[in-house]
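The primary structure of each chain is shown beneath.
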Amino acid sequence: MKRYFHNFGERLIEGILALSGAVTSLTVLLIVVFLFKEGLGLFSQHPVSEGGVIVVNNQNPVKELSAKQIKEIYDQNITNWKEVGGKNQPIKIFRLEDITDYYPEEQLGANFEYLPQRLSELVSKQPEIIAYFPEQYLSKNFQGHPIELENITLGSFLGGKEWYPTIQPAVQMGVLPLILGTLWVSFGAILIALPLGLAAAIYTAEIADNKVRNTLKPVIELLAGIPSVVYGFFGLVVLVPLIQKVFGLPVGETALAGSIILGIMALPTIISVTDDAMRTTPRAMKEASLALGATKWQTIYKVVIPYSISGISTAAILGIGRAIGETMAVLMVTGNASVIPHTFLEPVRTIPATIAAELGEAPQGGIHFQALFALGCILFLMTLIINVSVDMVSAKKKANR
Amino acid sequence: MSFTSNPNLNKSKRFWQAFAFNSFRLLSFLVVAILVVILGFIIINGISVISWEFLTEMPREGMTKGGIFPAIVGTLWLVVGSLLFACPIGILSGIYINEYAKDGWLKRFIKLMTNNLAGVPSIVFGLFGMALFVNKFGFGDSILAGSLTLGLLALPVVIRTTEEALKAIDDSFRIGSLALGASKWQTIWKVILPIALPNIITGIILSVGRVSGETAPILFTVAAYFLPKLPTSIFDQVMALPYHLYVISTSGTNIEASRAMAYGTAFILILIVLLVNLLANWLRRYFGRKVKMN
């Protein structure tokens, strides 16, 4: 009997341990569920700004427009209905504040109680009008029909070149500038961090004596330990003014500033992973090379580096992963302009910085909120791909041994 | 490994070796120099701001005067809260992976998921914490929601540390204990864990540094721009050091006037990291010696 209880206790403990072991997997699963549930909601939304409605005259054959077309119309890049599949007549843009051009104030009522009626009248009289106003002013027997906005599609979301999530009358949800901005800054960071990190790793693993190695180790640990917001602060007060001065720019908040700070932040990852990889080079291989008359340097670049190349590529991938997901430092130094970057001396905006800067202002459950979660999905997928590929590289390495 | 100079080594070979080695040495010193510059800059500018008043008073006059006491208290709450969540689960999980899980797809899957969780960007933790803890569970912006979010972030670190610590223990300890008739759990509880504990504690101390400096996960789960009073329960919002530094250096009402406060806050954050690292190194050395003496 005692033995039975004893066994039961052991089983119970094992069960509790297994449950704890499942927490990380469960968390990853929950992250996927919550991120995608909220994020995918975006694709069933009309991109018309929250609480607004876009209407045209009843005779107008145009029933549906894309968000991009609406913006082009309101930017007056499209000026004729013909261009969007309607009759050959100029487009007349109407915004709510224009109402006083058509009706004197007394006809609108002291509290604008006649406004819905007047709007209806106006739209029915003007065949070429396109009007945008808050939904609350849409009267029940409105003379005119609302424009259906095409749903946001995955293609227009990923391929769209404009990110204006709060613009009226139709929000522009194109994340291409943000994706490119993220990759651009991360790519710059790795260009800076990889040579520096490799050199430091080779030096610590192969050249330096123990004393130097023992001082470099805490340095790397400290670099890894400094909070990203402190890096951002340092970048903001030192690096940004420096870049502005050196390159004679109007603002110092640039992709370059972001790349430098991210490069520094990626250094510890790159150094420690590369260092670990190099140290696994079998001593016999190194000694064989030296015995054949190779110099120490020849041994390093002909034996040690080729042997640890998968470790070095793992380091590079992990470094990029760190750079892609970094939020605060980038938010503080890159200027956050959502344009497709062309040089390193322009402001850029990355995906994490966009989420951090905008989520606080996005109304919950709204289209902007969902778009930011969709951005989170993209970010999550990017890092997932990186982690899985690292796992595959190291699994392959193990199999080769 | 020692290298004896080869008399046949020709000049060009020797030149390239010297050139390569010196450039590597230079670049390595550059890495050290970067750290020294960053730390030096923050410490030199920040240390003059530190005073008893700065550490124990509320911010005043739009964050340009006074102290950062509520932010220190808030960060303390969050560190304790997140560790209360991450430590038990993380250690148990590490024990499961290293001692119980059999080699195979399940173990590989759990390890892969732990790695994935470690690689998830901190802002995604923020999004997730907001969706699950703040909205779904209805905790609102609170210490509870923030601590759980930060705890999830620290979880993979604790798991890995535990795993490494357990892996480093020689199997002879396990076999010896089992041979004496102890059960598996008795072996782990009485023999393995006491040996692994110093390393596990070191790892947890290092994760204190990480948790206290994280900003993105608390942006939407707990952090407040300014609160006139200290939190009284885990359902209150708090100010926190990293978020405080972010707001007063980027979006304060008067950025120039609050610069001194920002330097002071950055100094405190750096100080936490330095202390945590020193403590961890000291523990490592202290316990290292102790084990050797046994």
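Calculation notes
Within every chain, residues take consecutive numbers counted from 1 along the sequence as written. All chains are assigned letters beginning at A, and all ligands numbers beginning at 1, according to the order in which they are written. The predicted nature of this model means local features are confined to residues of pLDDT at least 70 and side-chain atom pairs, given and counted, to a pLDDT of 80 or more, with totals for whole chains, interfaces and linings taken over all residues. Heavy atoms from the whole structure form the basis of all side-chain values; hydrogens and water molecules are not counted. Per the convention used, a helix needs a DSSP run of H or I reaching at least four residues, while a strand needs a run of E reaching at least two, with both numbered from the N terminus. C-alpha atoms define the radius of gyration, and 2.2 Å times the number of residues to the power 0.38 defines the globule rule. With a 1.4 Å probe rolled over the protein chains alone, any residue whose accessible area is under 20% of its type maximum counts as buried; one over 50% counts as exposed, and the rest are partly exposed. Contact criterion: two residues are considered in contact whenever any of their non-hydrogen atoms come within 4.5 Å of each other. Using a 1.4 Å probe, the Shrake-Rupley method yields the accessible areas, and only the shown protein chains count as cover for residues. Neither His nor the chain termini are counted; the positive set is Lys and Arg, and the negative set is Asp and Glu. Positions of charges follow a simple convention, taking NZ of Lys, CZ of Arg, CG of Asp or CD of Glu. Between 30 and 60 degrees the pair is tilted, below 30 it is stacked and above 60 it is edge-to-face, where a pair is any two Phe, Tyr or Trp rings, Trp via its six-membered ring, whose centres lie within 6.5 Å. UniProt positions are given in the numbering used here, feature names are shortened, and annotations may be inferred rather than shown by experiment. Each domain's limits were defined by an automated method or a database of domain assignments. When two parts are brought into contact, each loses some accessible area as probed by a 1.4 Å sphere; the total of that loss over both is the buried area. Salt bridge criterion: a side-chain nitrogen from Lys or Arg within 4 Å of a carboxyl oxygen from Asp or Glu. Strands were regarded as paired on the criterion that DSSP finds at least two bridges between them. Here, axes are lines fitted to C-alpha atoms. For helices the fit covers the stretch in contact, and angles between N-to-C directions go from 0 to 180 degrees. Angle categories: roughly parallel below 35 degrees, roughly antiparallel above 145, roughly perpendicular from 65 to 115, and oblique for all the rest. In this scheme, a crossing is called left-handed if the near helix is turned counterclockwise away from the far one by less than a right angle; it is called right-handed if the turn is clockwise. Any residue that is not Ala, Val, Leu, Ile, Met, Phe, Trp, Tyr, Cys, Pro, Asp, Glu, Lys or Arg is counted as polar, Gly included; the first ten are nonpolar and the last four charged. Residues with no salt bridge and a relative accessible area higher than 30% make up the patches, which join like charges within 9 Å and nonpolar side chains (Val, Leu, Ile, Met, Phe, Trp, Tyr) within 5 Å.

## Some details on the overall build of chain A
Stage number 1. In terms of regular secondary structure, chain A is built from 16 helices and 8 strands.
Stage number 2. A globule of 401 residues ought to have a C-alpha radius of gyration of about 21 Å, yet chain A, at 30 Å, is considerably larger.
Stage number 3. Principal axes of the C-alpha set define a box for chain A whose edges measure 95 × 80 × 35 Å.
Stage number 4. Buried residues in chain A amount to 53% of all 401 residues.
Stage number 5. Sequence separation of 24 or more characterises 69% of the internal contacts of chain A that already satisfy a separation of 6 or more.
Stage number 6. When the accessible surface of chain A is split by element, carbon and sulfur atoms take 60% of a total near 18,100 Å².
Stage number 7. With 30 positive and 32 negative side-chain charges, chain A shows a spacing of 15 Å between the two charge centroids.

## Quick notes on the overall build of chain B
Stage number 1. Across its full length, chain B carries 10 helices and 2 strands.
Stage number 2. Tracing chain B from N to C terminus, the helices and strands come up as α-α-β-β-α-α-α-α-α-α-α-α.
Stage number 3. Whereas a compact globule of 294 residues would reach a radius of gyration of roughly 19 Å, chain B reaches 24 Å, over 25% beyond that.
Stage number 4. Each of the three principal axes of chain B carries a C-alpha extent, and together these read 70 × 65 × 40 Å.

## Quick look at the packing of aromatic side chains
Stage number 1. Applying the stated criterion across every chain, the model contains 21 aromatic pairs over all chains.
Stage number 2. Here Tyr203 of chain A and Phe29 of chain B contribute two aromatic rings whose centre-to-centre distance is 6.4 Å and whose plane-to-plane angle is 65 degrees, an arrangement assigned as edge-to-face. With Tyr203 of chain A in helix H7 (residues 176–207) and Phe29 of chain B in helix H1 (residues 11–47), the pair connects residues from two separate chains.
Stage number 3. According to the relative accessible area criterion, Tyr203 of chain A is buried, its value standing at 4%.

## A closer look at the UniProt feature "transmembrane region" (unreviewed entry) in chain B
All names here are of chain B.
Stage number 1. Cross-referencing UniProt, the feature "transmembrane region" (unreviewed entry) maps to residues 26–55, 67–97, 117–135, 142–159, 187–206 and 260–283 in the present numbering.
Stage number 2. End-to-end, the C-alpha atoms of residues 117–135 are 21 Å apart, and along that stretch the chain is 89% helix and 0% strand.
Stage number 3. For the annotated span residues 260–283, helix accounts for 100% and strand for 0% of the residues, and the straight-line distance between the end C-alpha atoms is 34 Å.

## Considerations on helix H9 (residues 241–250) of chain B
Helical periodicity: at 3.6 residues per turn, an α-helix aligns residues three or four positions apart in one direction.
Stage number 1. A large share of H9 of chain B lies buried, amounting to 9 of its 10 residues.
Stage number 2. The set of residues buried in H9 of chain B consists of Leu241, Pro242, Tyr243, His244, Leu245, Tyr246, Val247, Ile248 and Ser249 of chain B.

## Regarding the side chain of Glu163 of chain B
Stage number 1. Mapped onto the fold, Glu163 of chain B is located in helix H6 (residues 143–167).
Stage number 2. Sequence-distant contacts of Glu163 of chain B, that is, excluding residues within four places in its chain, are made with Gly94, Ile97, Asn98 and Lys111 of chain B.

## Brief notes about the domain arrangement of chain A
Stage number 1. In terms of domains, chain A is made up of domain 1 (52–150) and domain 2 (176–400).
Stage number 2. Placing a centre on the C-alpha atoms of domain 1 of chain A and another on those of domain 2 of chain A gives a separation of 50 Å.

## A look at the interface of chain A and chain B
Interface extent is often summarised as the accessible area lost during association of the parts.
Stage number 1. Between chain A and chain B, the residue contacts involve 78 residues of the former and 80 residues of the latter.
Stage number 2. Carbon and sulfur atoms supply 79% of the area that chain A and chain B bury against each other, a total of about 7,200 Å² over both sides.
Stage number 3. The largest contributions to the chain A side of the interface with chain B come from Leu17, Phe233 and Trp297 of chain A, which together make up 9% of the buried area.
Stage number 4. Along the contact surface separating chain A from chain B lie 2 salt bridges.

## Topic: the pattern of salt bridges
Stage number 1. Across all of its chains, the model carries 14 salt bridges over all chains by this definition.
Stage number 2. Its salt-bridge partner being Asp171 of chain B, residue Arg174 of chain B comes within 2.9 Å of it at the nearest N-O pair. With Arg174 of chain B and Asp171 of chain B both in helix H7 (residues 171–179) and 3 residues apart, the pair spans about one turn of that helix.
Stage number 3. On the accessibility criterion, Arg174 of chain B (12% relative accessible area) is buried.
Stage number 4. Among the salt bridges present, the one from Arg210 of chain B reaches Glu214 of chain B, with a minimum N-O distance of 3.5 Å.
Stage number 5. Under the relative-accessibility criterion, Glu214 of chain B is labelled buried at 12%.
Stage number 6. Each of the salt bridges in this network shares a partner with another, and the network as a whole consists of Arg118, Glu121 and Lys125 of chain A.

## With respect to the sheet that holds strand S3 (residues 92–95) of chain A
Residue and element names in this part refer to chain A.
Stage number 1. In space, the 4 strands of this open sheet follow the order S3-S4-S1-S5, with mixed pairing throughout. Among the strands making up the open sheet, the edge pair consists of S3 and strand S5 (145–146).
Stage number 2. With 4 bridges joining them, S3 and strand S4 (residues 129–134) adopt parallel strand pairing. Paired with Lys92 across the strands is Ile129, a residue of S4.
Stage number 3. Packing of helix H5 (residues 115–125) onto the sheet brings it into contact with strand S1 (52–56), S3 and S4, and relative to S4 it is tilted by some 165 degrees.

## Here we look at the packing of H7 of chain A against helix H8 (residues 210–225) of chain A
Residue and element names in this part refer to chain A.
Stage number 1. The interhelical angle for the contact between H7 and H8, taken along N-to-C directions, is 140 degrees, at an axis separation of 9 Å. Between H7 and H8, the angle falls in the class oblique. Relative to H8, the crossing made by H7 is left-handed. Contacts from Tyr203, Thr204 and Ala205 in H7 reach Val212, Arg213 and Leu216 in H8.
Stage number 2. Of the residues that constitute the contact of H7 with H8, the class distribution is 4 nonpolar, 1 polar and 1 charged.

## Observations concerning the environment of Ile202 of chain A
Stage number 1. Examined against the element boundaries, Ile202 of chain A turns out to sit in helix H7.
Stage number 2. Through-space distance from the C-alpha of Ile202 of chain A to that of Leu384 of chain A is 29 Å; in sequence the pair is 182 residues apart.
Stage number 3. When neighbours within four sequence positions are excluded, Ile202 of chain A is seen to be in contact with Ile207, Met278, Ile300 and Ile305 of chain A together with Phe24 of chain B.

## Structural notes on the packing of H7 of chain A against helix H10 (residues 255–279) of chain A
Residue and element names in this part refer to chain A.
Stage number 1. As a packed pair, H7 and H10 sit with axes 6 Å apart at the nearest point and diverge in direction by 35 degrees. Considering the relative orientation of H7 and H10, their crossing is right-handed.
Stage number 2. Split by residue class, the contact of H7 with H10 holds 21 nonpolar, 7 polar and 3 charged.

## Section: a nonpolar patch on the surface
Residues and elements named next belong to chain A.
Stage number 1. Where nonpolar side chains cluster on the molecular surface, the patch consists of Tyr4, Phe8, Leu12 and Ile16 and spans about 440 Å² of accessible area.
Stage number 2. Structurally, Leu12 is set in helix H1 (residues 2–40).
Stage number 3. Residue classification places Leu12 among the partly exposed positions, given a relative accessible area of 47%.

## Some details on unusual backbone geometry
Stage number 1. Despite not being glycine, Asn336 of chain A shows a phi value in the positive range, around 55 degrees.
Stage number 2. Relative to the assigned elements, Asn336 of chain A resides in the loop between helix H14 (328–333) and helix H15 (351–358).

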